[in-house]
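Listed below are the residues making up each chain.
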Amino acid sequence: MCVCTVFSKNMKSLLKPKWQNVVILNPKHFLLYHYSTFPPTPPSTDLQKLCDVVSHGIGSLDDLEATLNSVNVSFCSSLITQVLDSSKKEAPTRRLLRFFLWSEKHSDVKLEDKDYNHAIRVFSEKKDFLALDMLISNLGKQNRAMETSTFSNVAETLVKLGRVDEALGIFKNLHKLKCPQDSTTVSAIVSALCSKGHIKRAEGVIYHHKDKISSVKLVIYKNLLHGLSIQENVKESRRIIKDMKGAGITPDLFCYNTFLKCLCKKNLKSNPSGLVPEALNVMIEMRSYKIAPTTVSYNILLSCLGRTRRVKESLQILNTMKKTVCSCSCSCSCAPDWVTYYLVARVLYLTGRFGKGKQMVDEMIEEGLIPERKFYYDLIGVLCGVERVNYALELFDLMKKSSLGGYEKVYDLLIPKLCKNGEFEKGKELWDEAMSMNLKLECSSDVLNPLITEVFKPMRKVEEEVKIVESDQVKIGGKKVKGNLYVKKGKKLFISNKNGKKLIVHKKGKKKGAST
């Protein structure tokens with residue numbers, strides 16, 4: 001492709017006069033066809049036939065086999081794997097499995113170990129436990145070899161499906177599948193177990209295979225830290241960090257960020273006031289090992305601060321990041337990115353500081369940061385949720401100026417929101433704007449009709465007059481006391497003084513619909 005592209009550029013001036021009257025849809029493909037030593041391969045009709053039978057066939061599984069027996073196709077092992085790849089998203093899993101089992105029995109197909117491993121990986125991707133169990137059993141019976149990459153995929157899938165015992169069972173019997181229990185397979189099973197927080201089971205595997213993990217100790221420690229972070233076990237995470245130092249392995253940035261995430265998640269629930277000081281202590285420890293905290297490190301802290309609505313601390317962390325960048329002569333890795341501004345702006349919007357939040361967004365754009373669509377999607381959703389559609393519209397204008405695309409979701413959110421708030425003219429304006437851009441919206445044009453769309457009427461608090469009734473004696477608890485009787489909103493509130501103490505008595509009015 002590169003040779004052809006260079007050739008096309010050099011020969012452009014020579015070919016233009018000769019071919020200027022010829023309509024060529026794609027000059028690159030045109031030159032490739034004429035000058036490439038590899039002719040273009042036409043689409044396989046055999047592959048199309050088999051994919052149609054497997055994916056769109058009608059009838060039972062037995063009917064599928066009967067149809068496959070009658071199809072006039074030259075079968076080979078590569079064709080079987082191509083069918084699996086092409087049909088795995090459309091075809092039902094059972095039809096795909098029956099097709100593969102049928103290909104085993106077909107006389108013209110000689111499946112190799114790599115083809116069998118490929119099939120196992122396909123069904124692992126589809127998370128079909130019964131198919132995996134059947135194929136792995138057949139793999140052992142036919143004396144075939146399982147590849148280490150296949151075992152990694154299977155172990156991860158089984159643990160995600162909650163089949164931890166089955167995953168460990170396959171690991172213990174890898175020798176029967178001609179797959180070695182080496183550092184790769186040990187790391188694979190430990191990673192799968194830790195990804196779902198099964199730390200005790202992972203430590204058991206590590207204990208029984210100490211001699212096989214000497215070259216991958218750092219990977220093993222990282223997996224354990226990740227699993228402990230899922231459990232929010234700060235004490236054990238700190239122990240792993242100490243064990244690493246004791247073993248002569250210096251924790252890297254990933255280890256400290258994982259530990260920081262575990263610490264922040266724990267403090268988020270049990271000690272929100274300790275979020276900032278304890279996180280900063282971890283960053284000081286990182287610097288003592290010459291590991292500078294990055295933007296990701298600060299964003300982990302900001303994420304937890306936002307969930308507890310701690311605005312002051314969030315702004316302090318943002319200022320700390322800016323000062324750190326200014327104090328460094330070289331390019332610093334802790335400069336605020338668009339995720340940082342997103343986290344700070346979000347907590348400002350959620351706490352009603354809309355002007356400050358808008359200022360954060362403007363500051364981000366002035367810094368030259370280009371956010372992803374998620375930045376606008378989420379913040380516009382937050383503003384609509386707190387009934388500040390005018391700020392959401394301003395943010396949407398900024399999104400359109402950045403030419404990010406993907407505006408359909410925003411139109412689908414803003415148009416119904418505006419119409420339900422009674423702003424049908426603005427909703428119609430956005431609708432016409434979307435139609436002019438040829439966007440396909442999920443919301444119907446009926447939402448623009450005031451006769452169909454129900455306008456939301458917020459309940460506003462209305463101050464009512466309060467009558468004060470002087471009363472010399474009022475019974476409270478069977479005793480007569482002096483005081484004033486206040487009547488407000490259908491309720492009686494009596495306030496009096498008795499022996500120097502203030503007594504408050506509420507008498508609820510009758511509920512609507514109650515019998516008199």
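Residues numbered from 1 in each chain as written. Predicted model: local features only at pLDDT ≥ 70, side-chain atom pairs only at ≥ 80, totals over all residues. Heavy atoms only, no water.

A.B. asks: Looking at this model, I keep getting lost on the overall build of the chain. Mind explaining?
C.D. replies: Along the backbone of the chain there are 25 helices and 4 strands. Split into buried and exposed, the 516 residues of the chain put 39% on the buried side. For the chain, long-range pairs separated by at least 24 residues make up 58% of all intrachain contacts whose partners lie at least 6 apart in sequence. With an accessible surface of roughly 30800 Å², the chain has 53% of that area assigned to carbon and sulfur atoms. (Helix = DSSP H or I, 4+ residues; strand = E, 2+ residues; numbered from the N terminus. Buried < 20%, exposed > 50% of the residue type's maximum accessible area, 1.4 Å probe, protein only. Contact = heavy atoms within 4.5 Å. Areas by Shrake-Rupley, 256 points an atom, 1.4 Å probe, with all protein chains shown as cover.)

A.B. asks: Got a minute to help me understand unusual backbone geometry in this structure?
C.D. replies: Note: most peptide bonds trans; most residues except glycine with negative phi. Look at Lys-178: it is not a glycine, yet its phi comes out positive at around 60 degrees. Within the secondary structure, Lys-178 sits in the loop between helix H11 (164–172) and helix H12 (183–194). With a phi close to 60 degrees, Glu-232 is a non-glycine residue in the positive phi region. Here Glu-232 is to be found in the loop between helix H14 (217–231) and helix H15 (234–246).

A.B. asks: So what exactly am I meant to see when it comes to the side chain of Asp-46 here?
C.D. replies: When you line up the elements, Asp-46 lands in helix H4 (residues 45–56). Although Asp-46 is buried, it forms no salt bridge, and the closest oppositely charged side chain is Lys-49 at an N-O distance of 4.9 Å. Here Asp-46 is in contact with Val-73, Ser-74 and Leu-79, once residues within four sequence places are set aside. (Lys, Arg positive; Asp, Glu negative; His and termini not counted. Salt bridge = Lys/Arg side-chain N within 4 Å of Asp/Glu carboxyl O.)

A.B. asks: Mind showing me how you'd approach helix H24 (residues 408–420) here?
C.D. replies: Side chains of residues three or four places apart in an α-helix project in the same direction, reflecting 3.6 residues per turn. Spanning 13 residues, H24 covers 19 Å between terminal C-alpha atoms, matching the ideal 18 Å at 1.5 Å per step. Val-410, Tyr-411, Asp-412, Leu-414, Ile-415, Pro-416, Lys-417, Leu-418 and Cys-419 are the residues of H24 that are buried. Packing partners of the buried residues in H24 comprise helix H22 (373–385), helix H23 (389–401) and helix H25 (424–436). The positive-phi residue at the C-terminal boundary of H24 is Gly-422, with phi of around 90 degrees. (Expected span 1.5 Å × (residues − 1).)

A.B. asks: What exactly am I supposed to notice about the pattern of salt bridges here?
C.D. replies: Pairs can form between side chains of opposite charge whenever their charged atoms are close. Summed over the entire model, instances satisfying the criterion amount to 26 salt bridges. The salt bridge involving Asp-378 is made with Arg-346; its shortest N-O contact spans 3.1 Å. Note that Asp-378 is positioned in helix H22 and Arg-346 in helix H20 (residues 338–350), a separation of 32 residues in sequence. Between Asp-397 and Lys-400 there is a salt bridge, and its shortest N-O distance comes to 3.5 Å. Linking Asp-397 with Lys-400, this pair stays in helix H23, spanning 3 residues, or about one helical turn. Through salt bridges that share partners, Asp-62, Glu-65, Arg-98 and Lys-105 make up one connected network.

A.B. asks: How should the environment of Cys-76 be read in this particular structure?
C.D. replies: You can see Cys-76 is positioned in the loop between helix H5 (61–70) and helix H6 (77–87). Residues Cys-76 and Leu-111, 35 residues apart in the sequence, show an inter-C-alpha distance of 8.2 Å.

A.B. asks: What am I meant to see in helix H7 (residues 93–105) here?
C.D. replies: Compared with the 18 Å implied by 1.5 Å per residue over 13 residues, the 19 Å span of H7 between its first and last C-alpha is a close match. If you check which residues of H7 are buried, you get Arg-95, Leu-96, Leu-97, Phe-99, Phe-100, Leu-101, Trp-102 and Ser-103. In this structure, the buried side of H7 is in contact with H4, H5, H6, helix H8 (113–125) and helix H9 (129–141).

A.B. asks: Would you mind showing me how to read the nonpolar core here?
C.D. replies: In terms of nonpolar packing, the biggest core is built from 71 residues, with Phe-151, Ile-189 and Val-190 touching the most fellow members. For this core, the element with the most residues is H12, which contributes 7 residues. With near-sequence residues (within four places) excluded, Ile-189 lies in contact with Phe-151, Ala-155, Ala-167, Leu-168, Phe-171 and Val-205. Core analysis: the second largest hydrophobic core is formed by 68 residues, Met-286, Cys-334, Ala-345 and Met-399 among them. (Core = buried A, V, L, I, M, F, W, Y, C linked by side-chain atoms within 4.5 Å.)

A.B. asks: I tried to follow the state of the cysteines on my own but got confused; where do I start?
C.D. replies: Applying the stated criterion across every chain yields a total of 0 disulfides. Free of any disulfide, Cys-304 has its nearest cysteine sulfur in Cys-264, 4.8 Å distant. (Disulfide = S-S within 2.5 Å.)

A.B. asks: Whenever I open this one, the packing of aromatic side chains confuses me. Can you help?
C.D. replies: Given two aromatic rings, one states the distance between the centres and the angle between the planes to describe the pair. Counting across every chain of the model gives 10 aromatic pairs. Each ring, one from Phe-375 and one from Tyr-376, has its centre 5.2 Å from the other, and the planes form 85 degrees; the classification is edge-to-face. The exposure classification of Phe-375 matches that of Tyr-376, with both residues buried. Plain terms: the ring middles of Phe-396 and Tyr-407 are 6.1 Å apart, the flat faces sit at 70 degrees to each other, and that makes the pair edge-to-face. Taken as a pair, Phe-396 in helix H23 and Tyr-407 in the loop between H23 and H24 lie far apart in primary sequence, 11 residues in all. The side chain of Arg-163 reaches across the aromatic face of Phe-129, ending 3.9 Å from its centre. Note that Lys-400 overlies the ring of Phe-396, its terminal NZ or CZ placed 4.5 Å from the centroid. (Phe/Tyr/Trp six-rings, centres within 6.5 Å; stacked < 30°, edge-to-face > 60°. Lys NZ or Arg CZ within 6 Å of the ring centre and 35° of its normal.)

Note that all results are geometric; they support no functional claim without further evidence.
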